[in-house]
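Chain residues, written in single-letter form:
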Amino acid sequence: MRKFLPGAVVVVAALTGLGGCTGTTETRLAAHAQPVTATEQITVDPFTDAGEPDPDLDVVEKGEGNCWQSWVSITTADARRCGPLLTGAEHTSQEVHDPCYVHVRPGPDRAICIQNPTTGEATGFEVVEDTGPAPAETQRHRPWFLELADGRHCTLFPGADDPDSTEEDPTYGCGRNDYLYGMPDTTNRVWTIANRHGEAEERTEPGPRLDEAPIRTAWF
């Protein structure tokens with residue numbers, strides 16, 4: 001496993017910039033055409049050693065914000081869910097970002113939020129209030145963003161750990177009527193995960209078929 005550093009050079013051609021697809025369409029297609037011999041694991045850390053946003057990130061500043069425990073990334077104590085500091089009626093249209101990563105520094109702490117780690121784009125906040133990470137007993141190692149072997153991108157659903165959920169409830173979304181179920185099977189060098197096309201609400205048998213989708217890259 002390697003640390004997430006947007007400027008790092010990686011082996012797979014498609015994983016430039018933020019470890020993802022910031023090259024030309026031809027480059028991305030060529031990389032996706034290559035067989036996956038081992039799933040790449042990327043640990044997200046959007047800060048430099050000096051505590052500043054990585055210079056290869058395109059950070060859009062949103063000013064001051066509040067942060068609380070992340071709903072999708074519970075792998076690291078740095079992960080948060082953050083939104084801009086709004087008052088009154090503005091709260092009804094508050095835009096929330098998850099996951100965000102908090103860096104403690106002199107003055108206001110800094111949060112950088114990443115929705116899609118393959119784009120090189122991020123949102124930054126100066127943290128006014130931080131209620132802290134998820135409790136240590138709930139933190140576990142799981143990816144919040146997946147790139148499948150065919151290039152599809154899949155994001156973890158908030159509440160994937162809901163105790164009332166069943167194996168018929170999707171855990172990741174990959175686009176319209178395209179879902180993943182459960183967590184990745186990590187027993188082999190190439191991880192796989194159950195994939196089903198069709199409405200998520202379809203629970204009847206035989207229902208849409210479950211296929212095993214190989215995973216090219218997993219972000220934590």
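Details of the structure are given in the entry above.
Asker: Explain the layout of surface pockets to me, please; I cannot follow it from the model alone.
Answerer: The space that makes up the largest pocket amounts to roughly 420 Å³. In this structure, the largest pocket is lined by 22 residues; those nearest its centre are His97, Asp98, Ile114, Gln115 and Asn116. Secondary structure elements with two or more residues in the lining of the largest pocket: strand S3 (58–69), strand S5 (97–103), strand S7 (121–130) and strand S9 (153–156). Its residues assigned to classes, the lining of the largest pocket comprises 11 nonpolar, 6 polar and 5 charged.

Asker: Help me out: how do you make sense of the state of the cysteines in this one?
Answerer: Here a disulfide denotes a covalent bond joining the sulfur atom of one cysteine to the sulfur atom of another. Across all of its chains, the model carries 3 disulfides by this definition. Between Cys67 and Cys82 runs a disulfide, and the two sulfur atoms are separated by 2.1 Å. Handedness of the Cys67-Cys82 disulfide follows from its S-S torsion of about 110°: it is right-handed. One end of the pair, Cys67, is in strand S3; the other, Cys82, is in strand S4 (residues 79–84), with 15 residues separating them in the sequence. Here Cys154 connects covalently by a disulfide to Cys174, the sulfurs 2.1 Å from one another. Handedness of the Cys154-Cys174 disulfide follows from its S-S torsion of about 110°: it is right-handed. On the criterion of sequence distance, the pair formed by Cys154 in strand S9 and Cys174 in the loop between strand S10 (172–173) and strand S11 (178–185) is long-range, its members being 20 residues apart.

Asker: So what exactly am I meant to see when it comes to the pairing of strand S12 (residues 192–197) here?
Answerer: On a regular strand, each side chain points to the face opposite its neighbour's, so the side chains alternate between the two faces of the sheet. Relative to S12, S11 is paired through 5 bridges, and the arrangement is antiparallel. Bridge pairing in S12 places Asp178 opposite His197. The turn joining S11 and S12, which pair antiparallel and follow one another in sequence, is formed by 6 residues. Here S12 pairs with strand S13 (residues 211–219) via 4 bridges, running antiparallel. Each residue of the ladder has a partner; that of Ala194, found in S13, is Glu212.

How each quantity is defined
- Residues numbered from 1 in each chain as written.
- Predicted model: local features only at pLDDT ≥ 70, side-chain atom pairs only at ≥ 80, totals over all residues.
- Heavy atoms only, no water.
- 1 Å grid on protein atoms, 1.4 Å probe; cavity = no way out; pocket = protein on both sides within 12 Å on 5 of 7 lines; lining within 4 Å.
- Points joined across faces, edges and corners; volume = space filled by probe spheres on them.
- Helix = DSSP H or I, 4+ residues; strand = E, 2+ residues; numbered from the N terminus.
- Nonpolar A, V, L, I, M, F, W, Y, C, P; charged D, E, K, R; others polar.
- Disulfide = S-S within 2.5 Å.
- Pairing = 2+ DSSP bridges.

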